[in-house]
Amino acid sequence: MADQDKPNSGYMPGFGNDFETEALPGALPQGQNSPQRCSYGLYAEQLSGTPFTAPRGQNERTWCYRIRPSVRHTTRFRKIDVPYWKTAPNIISDLSSLGQYRWDPVPDDGAEKTFLTGMRTMTTAGDVNTQTGMAAHVYLANASMRDEYFYSADSELLIIPQLGRMRFSTELGQIDVGVRELAILPRGLVFRAEVLEGPSRGFVCENYGAKFDLPNRGPIGANCLANPRDFKTPVAAFEDRETASRLIVKWCGSFHACEIGHSPLDIVAWHGNYAPCKYDLGTFSPVGAVLFDHPDPSIFTVLTSPSGFEGTANVDLILFRERWSVAEHTFRPPWYHKNIMSELMGNIHGVYDAKPEGFVAGGISLHNMMLPHGPDRDAFEAASTAELVPAKLTSTMSFMFETRFPQHLTEFAAGEAPLQENYAECWSSLGKKFDGTPDGRG
């Protein structure tokens, strides 16, 4: 979505709701999808995000009216190497993923990197071949892709910038995204990534499983959390450029390239419900306890990729943003716990309340399934003795990629990324407080 363009909005892609947009008047056929001859000499082509026979409310497809059919290549695909982008299963036998891990921000060494070549995989989970699980990446981008295009046949990409600003020029239009926003690029959609303000750094959840959706709100009702109207899809925009270009495809964890003689971003009009979108994280409306006790962090779910087990996600996106804390007689930060889900957190900006030191903007932490974690000593002491008046958490925004699968470290995460070797020491000074008195105060 270019800043100067008015986006489609109203509903998140999916849900059976169609968008329609055309860059030239009359480019969209009316009353049918594939007329014998399309306006302007365009080709009709369908992009399907689900099987043809998916239930009506879950069936996702978009009809595209383009200058050239996407099947047109000038060379066959050949395998290429994208060395830092890894795909599950990527289990390294002599590398332990069992432990509490935290990293400082991954630095940019100054070498030229595009969104594609600057991708650094931190963890992988599940198996791309069975379309389950995810990978968590950091991207570093200081150069735009030029006459080079990409799509993933493996996954949809959820992108959360932490520094800088990116433009994703896609087949269905442009999306500009910066800090405190996210973008979702569907599986199979061709795009070119451009650096608008750089160098740029951010986080990526590569989702192999079911498409991200809004979570069911249950007793919360019809409002709050992420509202569908705040997800914006792009307006149609096209490029009619005859120039030598390269198309790269990620398929089953390997990368393949072919040459094409034109820009593939040549869709003049489209209608459907399978489209990229962006979302302003500042529009997320959190809910919480208004009397006592600490609810589970699942109340902060922005998006969920469901698995075959109800209530157990393939992957959830959780957001911890600015909010009021008002609970009485309650330890307000996250408590100590072990979880059947594996949690990778990233700090977008500010201070996270359970880790006031060490978890800096751009940093990452990993707590795999059934490994205990929680506040460090300073956070525990401060929360245990604080006057429990209404207080607002400000200048804070962190997220969590939470998955039912164990997250395995990559060689980059274990070796090259700036691992905080002493992270686990943040709990070593937690002392025994048991003194035999009923109120624990001696």
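Because the structure is predicted, anything quoted here is derived from the model rather than measured. (Residues numbered from 1 in each chain as written. Predicted model: local features only at pLDDT ≥ 70, side-chain atom pairs only at ≥ 80, totals over all residues. Heavy atoms only, no water.)

Participant: With reference to specific residues and values, describe the sheet that holds strand β16 (residues 267–272).
Facilitator: Judged by pairing direction, the sheet is antiparallel, and its 4 strands sit side by side in the order β1-β16-β3-β2 without closing on themselves. The open sheet terminates on both sides in strands that have one partner only, identified here as β1 (19–22) and β2 (43–48). Across the sheet, the axes of successive neighbouring strands diverge by a mean angle of 20°, strand direction being ignored. Summarising the sheet, strand β3 (residues 61–66) and β16 pair through 5 bridges and their orientation is antiparallel. Its bridge partner being in β16, R66 is matched across the sheet by I267. (Pairing = 2+ DSSP bridges. Helix = DSSP H or I, 4+ residues; strand = E, 2+ residues; numbered from the N terminus. Axes fitted to C-alpha atoms, helices over the stretch in contact; angles between N-to-C directions.)

Participant: Lay out empty space enclosed by the protein with the relevant residues and their values.
Facilitator: For the coordinates displayed, the defined rule picks out 1 cavity of 30 Å³ or more. Roughly 40 Å³ of internal volume is contained in the largest cavity. Secondary-structure elements contributing two or more residues to the lining of the largest cavity are β7 (132–141), β12 (191–207) and β24 (396–403). If you tally residues by element for the lining of the largest cavity, the top one is β7, at 3 residues. (1 Å grid on protein atoms, 1.4 Å probe; cavity = no way out; pocket = protein on both sides within 12 Å on 5 of 7 lines; lining within 4 Å. Points joined across faces, edges and corners; volume = space filled by probe spheres on them.)

Participant: Give a description of the sheet that holds strand β5 (residues 100–103) that names residues and reports values.
Facilitator: Overall, antiparallel pairing links the 6 strands, which are arranged β5-β22-β21-β24-β19-β18 in an open sheet. Only two strands of the sheet have a single neighbouring strand rather than two, namely β5 and β18 (301–309). When strand polarity is set aside, the average angle formed by the axes of neighbouring strands in this sheet is 10°. With 4 bridges connecting them, strand β21 (residues 342–350) and strand β22 (residues 364–367) associate as antiparallel partners. Counterpart to E343 in the pairing with β22 is H367.

Participant: So what's going on with the nonpolar core? Which residues, and what values?
Facilitator: By size, the foremost hydrophobic cluster in this structure holds 52 residues, and its most contacted members are W103, L158, I160, L303, L317 and F401. If one sorts the elements of this core by residue count, strand β19 (residues 312–320) sits on top with 5 residues. Core analysis: the next-biggest nonpolar cluster, separate from the first, contains 24 residues, M119, Y139, V177 and A183 among them. (Core = buried A, V, L, I, M, F, W, Y, C linked by side-chain atoms within 4.5 Å. Buried < 20%, exposed > 50% of the residue type's maximum accessible area, 1.4 Å probe, protein only.)

Participant: Give me the lowdown on the packing of aromatic side chains, citing residues and values where you can.
Facilitator: Any two aromatic rings considered together are summarised by their centre-to-centre distance and by the angle between their planes. Overall, the coordinates contain 19 aromatic pairs when judged by the stated rule. Relative to F359, the ring of Y352 has its centre 6.0 Å away and its plane inclined at 85°; by these criteria the two rings are edge-to-face. Residue classification places Y352 among the buried residues on the basis of a relative accessible area of 8%. Exposure remark for F359: the relative accessible area of 5% places this residue in the buried category. (Phe/Tyr/Trp six-rings, centres within 6.5 Å; stacked < 30°, edge-to-face > 60°.)

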